Amino acid sequence: MSKEDLIQFEGVVEEVLRDARFLVKLENGMDVAAYASGKMRKFRIRILAGDRVTLEMSPYDLSKARICFRHKDERRPRPN
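Cut-offs used in this document
Residue positions are counted from 1 within each chain, in the order its sequence is given. Owing to the predicted nature of the model, reporting of local features is limited to residues with pLDDT of at least 70; listing and counting of side-chain atom pairs is limited to 80 or more, with chain, interface and lining totals taken over all residues. Computation of side-chain values covers all heavy atoms of the structure but excludes hydrogens and water. Note on conventions: DSSP H or I runs of at least 4 residues are helices, E runs of at least 2 residues are strands, and numbering of each starts at the N terminus. Only protein chains enter the accessibility calculation, which uses a 1.4 Å probe; a residue whose area is less than 20% of its type maximum is buried, one above 50% is exposed, and one in between is partly exposed. Being paired, for any two strands, means DSSP has found at least two bridges between them. In this analysis, axes come from line fits to C-alpha atoms, helices being fitted only over the stretch in contact, and the angle between any two N-to-C directions falls in the range 0 to 180 degrees. Put simply, buried Ala, Val, Leu, Ile, Met, Phe, Trp, Tyr and Cys residues joined by side-chain atoms within 4.5 Å make one nonpolar core. In this analysis, two residues are considered to be in contact whenever any of their non-hydrogen atoms come within 4.5 Å of each other.

A.B. asks: Would you take a moment to explain unusual backbone geometry for this structure?
C.D. replies: Trans peptide bonds make up most of the peptide bonds, and negative phi angles are found at most residues other than glycine. Notably, A20 is not glycine yet its phi reads approximately 55°, a positive angle. Mapping A20 onto the fold places it in the loop between β1 (7-17) and β2 (21-26). You can call A20 partly exposed: its relative accessible area is 42%. Phi angles above zero are rare outside glycine, and R44 is one such case at about 55°.

A.B. asks: What's the story with the pairing of strand β4 (residues 52-58) in this structure? I'm lost.
C.D. replies: Burial runs high along β4: five of the seven residues are buried. Examined bridge by bridge, β1 and β4 share six bridges and lie antiparallel to one another. Bridging from a neighbouring strand, E10 pairs with T54 of β4. Pairing analysis gives five bridges linking β4 to strand β5 (residues 61-70), with the strands arranged antiparallel. Looking at the pairing, L55 lines up with I67 of β5. Linking β4 to β5, which pair antiparallel, is a turn of two residues.

A.B. asks: When you look at the sheet that holds strand β3 (residues 31-36) in this model, what are you seeing that I'm missing?
C.D. replies: Strand-to-strand pairing in sheets goes through backbone hydrogen bonds, with the strands running parallel or antiparallel. In spatial order, the strands read β1-β2-β3-β5-β4; together these five strands close into a barrel with mixed pairing. Across the sheet, the mean angle separating the axes of adjacent strands is 50° when strand polarity is ignored. Judged from the six bridges that link them, β1 and β2 form a sheet pairing that is antiparallel. Across the sheet, G11 pairs through a bridge with L26, a residue of β2.

A.B. asks: Would you mind going over the nonpolar core with me for this structure?
C.D. replies: For soluble globular proteins, the rule of thumb is that nonpolar side chains tend to be buried together. Counting residues in each nonpolar core, the largest one holds 14 residues, and the members touching the most others are F22, V24, I47, L55 and I67. Every element with two or more residues in this core is listed here: β2, β3, β4 and β5. With sequence-adjacent residues up to four places away left out, I47 is seen in contact with V13, V16, F22, A36, M40, I67 and R70.

Structural data, given as structure tokens:
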């Protein structure tokens, strides 16, 4: 495994923290502090509590992650 290899996980945003950070609960039950990737900030993709997201994590520090994708949720009404 090289230094640049990232591990991808899926989880659910539990809480929106200050400084554009999020508390995400992974499928295996772990809680992780995460932040939105630069492309998500650039295109102003909104992340709310309850959203299902894909995370990228370094194999060296499994307590921090970057949110790289927010999955579409058909139950949530779209804003006008």
